Structures are given as structure tokens and as C-alpha cells.
Amino acid sequence: MSTPVKTAVPIGGAAGSGSYHVSEKGYYGEFGGAFIPEMLYPNVEQLRQKYLEVMSDPSFKEEFNQLLKDYVGRPSPLYFAKRMSEKYGTRIYLKREDLNHTGAHKINNTIGQILMARRLGKNRIIAETGAGQHGVATATVCALMGMECVVYMGEIDIARQAPNVARMKMLGAEVRPALSGSRTLKDATNEAIRDWINNPVDTHYIIGSAIGPHPYPDMVTRFQSVISEEIRIQLKEKEGRENPDYVVACIGGGSNAAGTFYHFLDKEEVGIIAVEAAGKGIDSGESAATSVLGHKGIIHGCKTLLMQTDDGQITEPYSISAGLDYPGVGPMHSHLYTSGRATFKSITDDEAMKAGLELCKLEGIIPAIESSHALAIFENTRFEKDNIVVVALSGRGDKDLNTYIDHFGL
Amino acid sequence: MTTNRIHQKLREDKKILSIYFTAGYPDLEDTVPIIENLQESGVDMIEIGLPFSDPLADGPTIQESSTRALKNGMTTTRLFKQLENIRETVHIPLIIMGYFNPIMQYGVENFCSRCAETGIDGLIIPDLPVDVYEEEYKSLFEKYGLANIFLITPQTPNERVRFIDSVSDGFIYMVSSASVTGAKNTFGAIQKQYFERIHNLRLKNPQIVGFGISNEDTFLAATELAKGAIIGSAFIKFLNEKGKERIPEFVNSIR
Ligand SMILES: Cc1ncc(COP(=O)(O)O)c(C=O)c1O
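Nothing here was measured: the structure is a model prediction, and the numbers come from that model.

The rules we used
- Residues numbered from 1 in each chain as written.
- Chains lettered and ligands numbered in written order.
- Predicted model: local features only at pLDDT ≥ 70, side-chain atom pairs only at ≥ 80, totals over all residues.
- Heavy atoms only, no water.
- Helix = DSSP H or I, 4+ residues; strand = E, 2+ residues; numbered from the N terminus.
- Rg over C-alpha atoms; globule rule 2.2 N^0.38 Å.
- Buried < 20%, exposed > 50% of the residue type's maximum accessible area, 1.4 Å probe, protein only.
- Contact = heavy atoms within 4.5 Å.
- Buried area = accessible area lost by both parts, 1.4 Å probe.
- Salt bridge = Lys/Arg side-chain N within 4 Å of Asp/Glu carboxyl O.
- Polar contact = N/O pair within 3.5 Å; in protein donor to acceptor, adjacent residues only side chain to side chain.
- Nonpolar A, V, L, I, M, F, W, Y, C, P; charged D, E, K, R; others polar.
- UniProt positions renumbered as here; feature names shortened; annotations may be inferred.
- Core = buried A, V, L, I, M, F, W, Y, C linked by side-chain atoms within 4.5 Å.
- Domains from an automatic or database assignment.
- Axes fitted to C-alpha atoms, helices over the stretch in contact; angles between N-to-C directions.
- Parallel < 35°, antiparallel > 145°, perpendicular 65-115°, else oblique.

It is worth spelling out the overall build of chain B at this point. Broken down by element type, chain B carries twelve helices and eight strands. By the compact-globule yardstick of 18 Å for 255 residues, chain B fits well, its C-alpha radius of gyration being 17 Å. Principal axes of the C-alpha set define a box for chain B whose edges measure 45 × 40 × 35 Å. For chain B, buried positions account for 63% of its 255 residues. A separation threshold of at least 6 residues defines the contact pool for chain B, and within that pool the share at least 24 residues apart is 75%.

This is how it looks when you write it as C-alpha cells:
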């Protein structure tokens, strides 16, 4: 008996297929690449050479899928939001990433990367975090694998996200304050990169979004692509079709959005809507709407759209949601934006908070404020009555209770 | 292949002492006086740091000096303005060290052309990778007679060192250890092995060691086999503590 020889396909599908996927050289259109100092070259190059091979290994896929199932609790439900649909006169489905272990989509990526780190022979993990969600997801998988974990977090964020700092510590991670620059997410990322420069042999850097030098954006996207893979299966069961009319997700660096969009990128009949944080308003000077306010440049090792001064100094973004205030977006999203494949919308703090509270009242779900940005588009976007709109509910709102309390005077 | 002040200087039969400082630090208008003072003190070459908000490859000392320079109002345009007449008084090689984003925003060709007009001899752009440089910018740098300097580290394998040597023009910047910039007091066995390994490759470009050079001992250790060494963080600390008037004291303490 002969078994057919199958070429192994990496998680997320074969490389180089489709015009919105990463090219062999690490680019999405003109965005992406690996703009890194030579000190990082050996590590990034090792990852570049190995990541697809590792992600194609059946035993790796099995381990990844098993953990997603038994530990994370996947598949996450695709929930038809009946009352919300009635209110907005369209068919709204919520992809419930908020029900994952640790409360957000971030863990899909950290599970994948910790397994990758093990295959690469690394025994020490570093990560950056803003709100602390990615830090918690990283500390969690490090506990799971018994690996040393150092999380960099801006000094200012440490002060405003105390519960997540405590969680990381309980999980055995060391939280190191980033004291440089503006002492928030971008500086925590700088510090993590510096740590990697200083520890080139034993350390793997688990980046928390679809950003950074190639191959990070593609690797993170592939680990997150389980979101859209499941949407297609679940929608087929519920509606008899795999493709919705629209997929909607919020964008910080762009990992939940990348995962939500991934399997629809080449299905031109599926509309893609990316939602950015407008903060106090696009023109207020306190915003994180990168597609509108950003210009092409280099941040954290990749060429992408980012918010900066005319002189090329990276500026500090603002959003009420700590997970969306990154001054750039992942290179895939810059390409989706400039090519016109995706529609970008921006939502202010107030609009997001209102939509968050509305979901509580209509569906009994308290969403993360990041995810509330995606929910807020229904107020000003008209969909057809029979349209199927899938929204990524990227995380739950427990971490945001204080912000909700302050905002609404609860 | 360009022939500029860097090549001439490297042909001299001596060990090169190069000093890095951040433009616009401690005060905005200190850039030119510091350069002149360094030349008078006998320094062979100067790296002028173009400050950046997010200097990934730098330790706390250079980061803080960059933050301060930016607060002082330093910009790329300002730097070229300050350096406008620098070649009337300064004849040693001048190199600009900066991250790629500010250069991209200024326009790479525009930047190169301003460098040429000003009398800048070379550039060190740590986050511009060798392959991108080769494909997109090499001809531009050559057109304006600018040497582009690349980094190697103890982790860089011989094969890649040779590749970097083949596209380099001027010298190779040997990062002393796996680390961001910052002063160290001694070099260990690993550094010595690394210095020997690179020396034995007999590269076409001379090597200058940087990162972690802080005093006479580290300077001597670094230049035992290499052509020269670059001091950054230790000099910036000195500037901050003692002031620019006392620069000769610093230089004399090194050699
Ligand atoms: C719940 C939630 N959603 C979204 C984001 C934004 O990140 P990304 O754009 O990578 O999905 C974060 C980041 O912390 C988050 O915690």
C-alpha cells in the first residue's frame, strides 16, 4: 500500500499564496521587512529560516491544537447576537475570543510562540506589554512550560494596570519597568528588544502583536489565524455558508484583526473592516488612529504606517484602551489600508465606551474596551438586513472595570 | 569605492581614537564647539549622533542624551544648519550615526546630498540592514561619496563577516560584546577570542571596536588587534558631569 506523499503545510496554510500574504522577502506590498541592528540578526534569521518548517511539523501542529483545545478552551463560540442584530437591523455574530483562558485572543499567539521557543532550544522568554494582557498571556504559558519569564512594561502602565502586574507576578514572571522615553508600550518594546540584544543565545522574544521584523508579523498572524479558520467552519454550520459579508476587528498592532481577517483576505466578496482608536478625536492631538495620522516609516524593525513628527520622531499615541495605543500598525494592515482591500474606521473613547455598555445591556457580555471599538461601528455604519457581519470580540472587560466605573460614574 | 577623509585617516600608521556624542547635547548649540574641542584634543575621528526617540541599539546613557537633545529642539534640518561651516575649522573625518526613520523622513537622497555638501564622510545606520542597503541605497551613497559603515558582533559568523566586509567601504564597526551601548570596565576572554577571530580573517576593511570602551585599559585592549576604538557612553557621561571645556582631560586620559 502506498501512502500519498503530502507536502507539509504550515499552520495558517501554504506560504506565498495570495496577494495580501507576506512575500518570500517578508513584505506586504511595500510594508514589512526586517530593519534590525546586526546584533539581532542571528536570532531573527534563525527564526526566519525555521518558523515555517516548525509550523509544518505534524507533531508541532498537534501540540498546538491540543493546547488550544484543552488549555485555552477552543474553539471559541461564534455567537449570534440576537438583540443587537435586531437593534441594528442586520445579522451580527460575535467571535468570542473573550471566553479564552486569560480573557483575550492574545493566548493563541503565546501558546504558539512558547512551543516555537522550545523547538528553537530557548529557555528564557521576554515580552513587552501595554495593558498587561499580552504580559499575562506570556507569563501564563511560561508557567505552563516552566520557563523563565521577564515582561517589560512602561513605568506609567505599571501604575495604571496594577491587577495585571499582580497576575504576572503570581504566575511567576518578573515585571521590569521600562523607564526610558515616554515609559509606555513603545518603550517597553524597545526595552524588550534591548534585552534580546543583550541575551542573544538563550532567549526568545514573544512579540504580542502582528508587528516587528519579518517573520514576526506572519508568524503571529498564522498563530492567530485559528480565529478565521473557526469562523468559516462555524458559519457553515449555522448559516450554510463559509463566508460572511463582513468581518470586523479592532486594531492596536493588529493581531486579533490579522487572525480574524486571515482566511478571508483573498475572498474579495468578504468586506474587511478594521477599527482604530480615535481617542479624544482624530484632530485632538490625543489619538491612536494610525491609518489617518500615520506616515510610512520604520518602527520596531518593520516598515509600516506609524505616527511620527515631520522629523521622524515617533510620537506617543493615546486611547482610553491601553491595548490600542500603539503608534504603528502591523505591516499587513498598512498594506490592506493602502491597497484599499480593507476599510478603516476610527472610533472615539466615548463611542467605544457607549458601545461597550450597550453590549452589557443587550447581550449580557462585558467586553474589553479594545473590542468595544469594533462594536461601536454599528452606530454609524449601515449594513443590509440580510448581511452577515462577524465581529471579533477580542477580550473581556474584567480588566477594564475601573475605566468603566470612572467613565460612567458607576 | 570612495576616497575621502576616512580612508586617508585609516592609512595613517596609528591607532584611531574615535569619539561619539549626541548632537544638541547637553545644550542645543553645543554640537560645533564639542567637535572643535575634540579635534583640538587630538581625537582622530568623530561620530555625530543624530538623536532619535527610540534608539533600539543604545543603552541608557545614549538614550537619555537623545531624549534631552530632542527636548532641546534638535532636528535633522537643525543639525545640517549647525554643521554648515564645519569644514572651515575641522579637517578630521566626521561620521553621522543615526537610526533610519529620521533619515527616511528627511528623504534618503536629500540626506545624502546634504551630507556631501556639509563635508560628512560617512554614515552609520544601525537599523538599515546590509541587504536593503545593497539593493536600494548603495548607489546613492556612492554618488555622494559617503562611506557606509556596518556593524558586526561576537555572534556574527565568519561567512557573514566576509559578506559584510565585501559591501563595506571605510571600516567595519566591531561591536565588542552582545550588548547595547554602554560603558564597561574590562573585556573578558570571550571578547579576546572574538577580536582574534576577526583579526585572523584578514578582512579588506580595517576594524574599529565600539560599545563598552570607557578608559585607557579598554581602549588598549580593544586596539591591540583592531585599528581603532570608539568611545560613546563614557564620553557622554563625562560631558554631563564635567562639561565640554574639560574635553582635553578626557581625551588625555585615554591615550
Ligand atoms: C482585548 C484586546 N483586544 C485587542 C488588543 C489589541 O491588540 P491587537 O491589535 O494586536 O489585537 C488588545 C491588546 O492588548 C487586547 O487586550
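Of the residues lining the interface, 36 residues belong to chain B; the matching set on chain A comes to 33 residues. Here chain B packs against chain A, burying approximately 2,800 Å² in sum over the two surfaces, 54% of which is carbon and sulfur. Applying the counting rule to chain B against chain A returns three salt bridges. Close ionic contact of Lys186 of chain A with Asp54 of chain B constitutes a salt bridge, the shortest N to O distance being 3.0 Å. At the junction of chain B with chain A, the criterion picks out 19 residue pairs in polar contact (both at pLDDT 80 or more). Sorting the residues of the side of chain B that touches chain A by element identifies α3 (60-72), α5 (100-106), α7 (130-143), β5 (147-152) and α8 (158-167) of chain B as the ones contributing at least two each. The element that contributes the greatest number of residues to the side of chain B that touches chain A is α5 of chain B, accounting for five residues. Tallied by class, the residues present in the side of chain B that touches chain A amount to 21 nonpolar, ten polar and five charged.

Let us now look at the UniProt feature "modified residue: N6-(pyridoxal phosphate)lysine" (unreviewed entry) in chain A. All names here are of chain A. The UniProt feature table records "modified residue: N6-(pyridoxal phosphate)lysine" (unreviewed entry) at Lys106. For Lys106, the location among the structural elements is in helix α4 (residues 106-119). Those residues in contact with Lys106 that sit more than four places away from it in its chain are Gln133, His134, Ala137, Gly208, Gln224 and Ser255.

This part takes up unusual backbone geometry. Here the residue pair His214 of chain A and Pro215 of chain A is connected by a cis peptide bond, since its omega of 15° sits within 30 degrees of zero. Note on placement: Pro215 of chain A falls in the loop between β8 (203-205) and α9 (216-224). Following Tyr25 of chain B, the chain continues to Pro26 of chain B via a peptide bond in cis, the omega torsion being -5°. Structurally, Pro26 of chain B is set in the loop between β1 (16-22) and α2 (31-40). Unusually for a residue other than glycine, Thr102 of chain A sits at a positive phi of about 70°.

Burial of nonpolar side chains together is a common tendency in soluble globular proteins. Ranked by internal contacts, the top residues of the largest apolar core, which has 188 residues, are Met116 of chain A together with Leu38, Ile48, Phe100, Phe171, Tyr173 and Phe235 of chain B. When we break this core down by domain, the ones giving at least three residues each are domain 1 (46-53 + 106-215) and domain 2 (78-103 + 224-408) of chain A. Among all residues touching Phe171 of chain B, those that are not within four sequence positions of it are Ile6, Leu10, Met45, Ile95, Ile149, Phe150, Asn205, Pro206, Ile208 and Ile230 of chain B. The next biggest cluster of nonpolar side chains, apart from the first, holds 27 residues, and it includes Ala81, Val248, Ala288 and Phe383 of chain A.

Here we come to the UniProt feature "domain: Tryptophan synthase beta chain-like PALP" (unreviewed entry) in chain A. On the UniProt side, "domain: Tryptophan synthase beta chain-like PALP" (unreviewed entry) is annotated at positions that read residues 73-394 of chain A here. Spanning residues 73-394 of chain A, this segment combines 39% helix with 21% strand, and its end C-alpha atoms are found 15 Å apart.

What follows deals with the packing of helix α5 (residues 133-145) of chain A against helix α7 (residues 162-170) of chain A. Residues and elements named next belong to chain A. For the pair α5 and α7, the least separation of the axes is 9 Å and the interaxial angle reads 10°. Between α5 and α7, the crossing angle belongs to the class labelled roughly parallel. When α5 is examined against α7, the residues Gln133, Gly135, Val136 and Ala139 are found in contact with a partner set consisting of Asn164, Arg167 and Met168. Residue classes in the contact of α5 with α7 are distributed as three nonpolar, three polar and one charged.

We now examine the pattern of salt bridges. Counted under the stated rule, the structure contains 47 salt bridges over all chains. The partner of Glu63 of chain A in a salt bridge is Arg119 of chain A, and the shortest N-O contact between them spans 3.2 Å. Of this pair, Glu63 of chain A sits in helix α2 (residues 58-72) while Arg119 of chain A sits in helix α4, and the two are 56 residues apart along the sequence. With relative accessibility at 25%, the residue Glu63 of chain A sits in the partly exposed group. Taking the relative accessible area as the measure of exposure, Arg119 of chain A reaches 35% and is therefore partly exposed. Among the salt bridges present, the one from Lys14 of chain B reaches Asp44 of chain B, with a minimum N-O distance of 2.4 Å.

According to UniProt, the positions carrying the feature "active site" (unreviewed entry) are Glu47 and Asp58 of chain B. Within the secondary structure, Glu47 of chain B sits in strand β2 (residues 45-50). Not counting chain neighbours up to four residues away, the residues in contact with Glu47 of chain B comprise Ser18, Ile19, Tyr20, Phe21, Ile95, Met97, Ile124, Tyr173 and Ile230 of chain B. Position of Asp58 of chain B relative to the elements: it lies in the loop between β2 and α3. Residue Asp58 of chain B is classed as buried on the basis of its relative accessible area of 6%. Discounting residues that sit within four places of it in the chain, Asp58 of chain B has contacts with Arg194 of chain A together with Gln63, Tyr99, Val180 and Thr181 of chain B.

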